[in-house]
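In case you want the letters, here they are:
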Amino acid sequence: QSDITTNSQKDLTSINIGGTEVFLAPDEETVDVEDQSSSSSSVIQAGPVQNSKSGSSNSVRDDAITSTSTEINTNDVFNRITVTIYSKDNEVIDQCSFPDYIKGVLGAELSGFSYEKFALKEYYNTVVKEPCKELTEGYKAQIVAIATYALYQNGIRSIDDLLEMASKGSINIKCKQDSTTFQAYAKEGSEKMNEISEDEREFINSLIKEVSGDLITYGKDNQLIDAVYSHCNSGKSVSAKDKWESDISYLQSVESPWEDGFEIKGHGVGLSQVGALIASVNGMDYNEIIGHYYTGVQVVNINNK
């Protein structure tokens, strides 16, 4: 974590969470995104850790820029989190609220929502309208996985850790725009985000708000999972042990019958993006979808803790 520094770290106390040194603010004020570059003493800095997708480190610099974000409701823990996004070369490319980051990842990872609707229409002759309500639960499952994955990769390992950090100030996490070692991300105004219609944008924003605070956990102490996911399986997911020689209880091989005949895209571990959407069309809700692809987990809403 030597790459993670701030101008005011000398004035901050720190705690160790999951091997990551996290700097805690001395006050309890929530800092707006626009103020973070000049008020870093009120920001909890968390940094990316070793990534199970590829085994590579995601350490990044602590630069800061500003951008617009959605409305803030500080009763929602997710709205106390801001995200600085870096390129593969560790250049700052955006800073936004956590909900906006989730929307950007969803748009990039699914290559625009219309692509998946076309795939479903082609394979299942589904009558698709704008926006596609049949895919609601699949999108929600993906949103929860995106949020959980980002926090886990920043060294936040449990619900209690996250709540403790949020109680002391706003949280700034760091993510890379890299679908191989982290998550893809499409910035507002980019070609991928411009492909999304206003109806789709409103629809997706409503889903992000609906499941805001939901995270995937395991065990009685609500440990966050490493919510890896891939684009598409071919009828069965791959276990973490078979893929990365790491036996993880919640990353087992499971059947994905909705994808029989599909071409495998990605590493095949964890949630399948296409499988989740097809499962949604077939009537599964997002809790069921998450529970299917991640063995022995539960979805916990941190705003109700």
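In this text, all values refer to a predicted model and were calculated from it rather than measured experimentally.

Colleague: Even after reading the chapter, I still don't get the confidence of the model for the protein chain, so can you show me in this structure?
Modeller: One rule of thumb: low pLDDT means the predicted coordinates there are not for detailed reading. Of all residues in the protein chain, 68% have pLDDT values of 70 or greater, and the mean over the chain is 75. Segment residues 1-45 is flagged for pLDDT under 50; beyond a separation of four residues in sequence, or across chains, it makes 109 contacts in the model. With pLDDT under 50 throughout, residues 47-74 is counted as low confidence; its partners more than four residues away or in other chains account for 105 contacts.

Colleague: Is there a simple way to explain the sheet that holds strand E7 (residues 214-218) in this structure?
Modeller: Through backbone hydrogen bonds, the strands of a sheet pair up, either in parallel or in antiparallel fashion. Read from one edge of the open sheet, three strands run E8-E7-E11, paired in antiparallel fashion. Two strands close off the open sheet at either side, each with one partner strand: strand E8 (223-224) and strand E11 (298-301).

Colleague: Help me understand the pattern of salt bridges, please; the structure alone is not making it clear to me.
Modeller: Summed over all chains, the structure comprises six salt bridges. Residue Lys-140 pairs with Glu-137 through a salt bridge whose shortest N-O separation is 3.1 Å. Taken together, the residues span about one helical turn, with Lys-140 and Glu-137 both in helix H3 (residues 136-152) at a distance of three residues. Glu-210 serves as the salt-bridge partner of Lys-140, at 2.9 Å between the closest nitrogen and oxygen. Here Lys-140, found in helix H3, pairs with Glu-210, found in helix H6 (residues 198-210); they are 70 residues apart in sequence, far enough to count as distant. Accessibility expressed as a relative area gives 49% for Glu-210, which makes it partly exposed. Members of the salt-bridge network, linked through shared partners, are Asp-100, Lys-103, Glu-188 and Arg-201.

Colleague: Explanation requested: the packing of aromatic side chains in the structure shown.
Modeller: A ring pair, where both rings are aromatic, is described by two values, the distance of the centres and the angle of the planes. Inspection of the entire model under this criterion finds eight aromatic pairs. Seen in terms of ring centroids, Phe-78 and Phe-98 are 5.0 Å apart; in terms of plane orientation they differ by 75°. Their pairing is edge-to-face. Highlighted residues: Phe-78 in the loop between strand E3 (43-45) and strand E4 (81-86) and Phe-98 in helix H1 (residues 98-109), separated in sequence by 20 residues. Neither residue differs from the other here; Phe-78 and Phe-98 are each classed as buried. Pairwise contacts between aromatic rings join Phe-78, Phe-98, Tyr-101 and Tyr-185 into one cluster. Over the ring of Tyr-152 we find Arg-157, and its NZ or CZ is 3.8 Å from the ring centre.

Colleague: Quick question: what am I supposed to make of the environment of Leu-271 here?
Modeller: Within the element layout of this structure, Leu-271 appears in strand E10 (residues 271-272). Among the residues examined, Leu-271 registers a relative accessible area of 0% and is labelled buried. C-alpha separation for the pair Leu-271 and Ile-290, spaced 19 residues apart in sequence, amounts to 7.2 Å. The contact partners of Leu-271, leaving out residues within four places of it in the chain, are Ala-141, Gln-142, Val-228, Tyr-229, Ser-230, Ala-276, Ile-289, Tyr-293 and Tyr-294.

Colleague: Would you mind going over helix H9 (residues 286-293) with me for this structure?
Modeller: Every α-helix carries 3.6 residues per turn, so stepping three or four residues along brings you back to the same face. The set of residues buried in H9 consists of Tyr-286, Ile-289, Ile-290 and Tyr-293. On an axial view of H9, the arc spanned by its buried residues comes to 95°, and they lie on one face.

Colleague: Looking at this structure, I do not really get the packing of H1 against H3. What am I missing?
Modeller: For any two helices packed against each other, one specifies the crossing angle of their axes together with the interaxial distance. Packing of H1 against H3 brings their axes to within 10 Å, and their N-to-C directions diverge by 115°. Considering how the two elements wind past one another, H1 and H3 form a crossing that is right-handed. In this structure, H1 uses Phe-98, Tyr-101, Ile-102, Val-105 and Leu-106 to contact H3, whose residues at the interface are Tyr-139, Gln-142, Ile-143, Ile-146, Ala-147, Ala-150 and Leu-151. Of the residues in the contact of H1 with H3, the class split is 11 nonpolar, one polar and no charged.

Colleague: Just checking my understanding: could you explain unusual backbone geometry for this structure?
Modeller: Phi is mostly negative for residues that are not glycine, and the peptide bonds are mostly trans. The phi torsion at Asn-222 lies on the positive side, around 50°, for a residue other than glycine. With respect to the helices and strands, Asn-222 occurs in the loop between E7 and E8. Here Asn-222 falls in the buried class, since its relative accessible area comes to 12%. Phi is positive for Glu-245, which is not a glycine, with a value near 60°. Turning to its location among the elements, Glu-245 is positioned in the loop between helix H7 (240-244) and E10.

Definitions and limits used
- Residue positions are given per chain, counting from 1 as you read along its sequence in written order.
- With the structure being a predicted model, the display of local features is reserved for residues of pLDDT at least 70 and the display and counting of side-chain atom pairs for 80 or more, all residues being used for whole-chain, interface and lining totals.
- No hydrogens and no water enter the side-chain calculation; it runs on all heavy atoms of the structure.
- Note: pLDDT gives the predictor's confidence per residue, expressed from 0 to 100.
- Two residues qualify as a contact provided that any one of their heavy atoms is within 4.5 Å of a heavy atom in the partner residue.
- Here, a strand pair is defined by DSSP locating no fewer than two bridges between the strands.
- A helix here means a DSSP run of H or I that spans at least four residues, while a strand means a run of E at least two residues long, and both kinds are numbered starting from the N terminus.
- Salt bridge, as used here: a side-chain nitrogen of Lys or Arg that lies within 4 Å of a carboxyl oxygen of Asp or Glu.
- Burial classes: relative accessible area under 20% of the type maximum marks a residue as buried, over 50% as exposed, and values in between as partly exposed (1.4 Å probe, protein chains only).
- Working definition: a ring pair exists when centres of Phe, Tyr or Trp rings (six-membered ring for Trp) sit within 6.5 Å. Plane angles under 30 degrees give stacked, over 60 give edge-to-face, the rest tilted.
- Note on geometry: a ring has a charge over it if NZ (lysine) or CZ (arginine) is within 6 Å of the ring centre and within 35 degrees of the ring normal.
- Arc definition: it is the arc formed by the directions from the helix axis to the C-beta atoms.
- All axes here are fitted lines through C-alpha atoms, helices being fitted over the stretch that makes contact, and every angle between N-to-C directions spans 0 to 180 degrees.
- A clockwise turn of the near helix away from the far one marks a right-handed crossing, whereas an anticlockwise turn of less than a right angle marks a left-handed crossing.
- Polar here means any residue other than Ala, Val, Leu, Ile, Met, Phe, Trp, Tyr, Cys and Pro, which are nonpolar, and Asp, Glu, Lys and Arg, which are charged; Gly is therefore polar.

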